[in-house]
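Next come the chains, spelled out residue by residue.
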Amino acid sequence: MENKKNYQLEMEKVIAQAKREGDVPTLFLHSCCAPCSSYVLEYLSEYFKITVFYYNPNIYPRDEYEERLGEIRRLVREMPSGYPVEFVAGDYRPEEFFQMAKGHEDDEEGGERCTLCFRMRLYEAAKLAKEGGFDWFTTTLTISPMKDAARLNRIGEEAGEKYG
């Protein structure tokens, strides 16, 4: 059965509770790219202490990865925010992505390879969020109209359950 949870309403509940308690929750935000991160940071930095986590071993070649990494770093550095925004880059290990994607080279965009890639990145984000003591984790991937938000939400829920 499909999850019909409205994540916007869930987030608004978290924000309202934090305001009542005078608290500022921490958020570990997996970033796929600077363009998808801009609105998310503008909106959420008013309510959360955010650490942006750039982890995308699926980006190849390395020059492309480095260019995107530089853009998200620049965005975090230059963009005004409600609460200060921190930045951390994950390890760039495209060989792990290639190993994970082995046998899925001919999958269509949006197919099983994408599910595996989403899982790889969200599980890493959830693991590091747990290790860092963050209250929440999420991803900017759901902002893109080219991505399957319902699938991403399911994978995020799985990752959250696994890592607590």
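Residues numbered from 1 in each chain as written. Predicted model: local features only at pLDDT ≥ 70, side-chain atom pairs only at ≥ 80, totals over all residues. Heavy atoms only, no water.

Caption draft 1: Structural detail: the layout of surface pockets. The calculated volume of the largest pocket comes to roughly 1,100 Å³. Every residue lining the largest pocket is counted, 36 residues in all, and those nearest its centre are Tyr7, Trp136, Phe137, Thr138 and Thr139. Where the lining of the largest pocket is concerned, the elements lending two or more residues are helix H1 (7–21), strand S1 (26–31), helix H2 (34–44), helix H5 (112–131), strand S4 (136–139) and helix H6 (149–163). Among the elements that take part in the lining of the largest pocket, H6 stands out by supplying eight residues, more than any other. Its volume calculated, the second largest pocket comes out at about 230 Å³. In terms of lining residues, the second largest pocket is bounded by 16 residues, among which Asn58, Glu109, Cys117, Arg121 and Lys147 are the most central. (1 Å grid on protein atoms, 1.4 Å probe; cavity = no way out; pocket = protein on both sides within 12 Å on 5 of 7 lines; lining within 4 Å. Points joined across faces, edges and corners; volume = space filled by probe spheres on them. Helix = DSSP H or I, 4+ residues; strand = E, 2+ residues; numbered from the N terminus.)

Caption draft 2: Spatial organisation of the sheet that holds strand S2 (residues 49–54). The strand order S3-S2-S1-S4 describes an open sheet built from four strands, whose pairing is parallel. Across the chains shown, the open sheet's two edge strands, defined by having one partner strand only, are strand S3 (85–89) and S4. For this sheet, the mean angle separating the axes of adjacent strands, direction not counted, is 25°. As defined by bridge partners, S1 adjoins S2 across six bridges and the pair is classed as parallel. Residue Leu27 lies in a different strand from S2, and its bridge partner there is Ile50. Together, S1, S2 and S3 form the strand contacts of H2, whose direction differs from that of S1 by roughly 170°. (Pairing = 2+ DSSP bridges. Axes fitted to C-alpha atoms, helices over the stretch in contact; angles between N-to-C directions. Contact = heavy atoms within 4.5 Å.)

Caption draft 3: Spotlight on the packing of H2 against helix H3 (residues 62–78). It is at 9 Å that the axes of H2 and H3 come closest, and there the two elements cross at 20°. With respect to their mutual orientation, H2 and H3 come out roughly parallel. Along this stretch, H2 crosses H3, giving a crossing that reads as right-handed. Here Ala34, Ser37, Ser38 and Leu41 of H2 lie close against H3, whose contacting residues are Glu71, Ile72, Leu75 and Val76. Here the contact of H2 with H3 is composed, by residue class, of five nonpolar, two polar and one charged. (Parallel < 35°, antiparallel > 145°, perpendicular 65-115°, else oblique. Left-handed = near helix turned anticlockwise from the far one by under 90°. Nonpolar A, V, L, I, M, F, W, Y, C, P; charged D, E, K, R; others polar.)

Caption draft 4: A look at the packing of aromatic side chains. Counted according to the given criterion, the structure contains 10 aromatic pairs. Taking 5.0 Å as the distance between ring centres and 25° as the angle between the ring planes, the aromatic pair formed by Phe28 and Phe53 counts as stacked. Of the two residues, Phe28 sits in strand S1 while Phe53 sits in strand S2, which places them 25 residues apart along the sequence. Each of the two residues, Phe28 as well as Phe53, counts as buried. The buried category is assigned to Phe28, whose relative accessible area is 4%. One aromatic cluster in this structure is built from Phe28, Phe53, Tyr55 and Phe134. (Phe/Tyr/Trp six-rings, centres within 6.5 Å; stacked < 30°, edge-to-face > 60°. Buried < 20%, exposed > 50% of the residue type's maximum accessible area, 1.4 Å probe, protein only.)

Keep in mind these numbers describe shape, not what the thing actually does.
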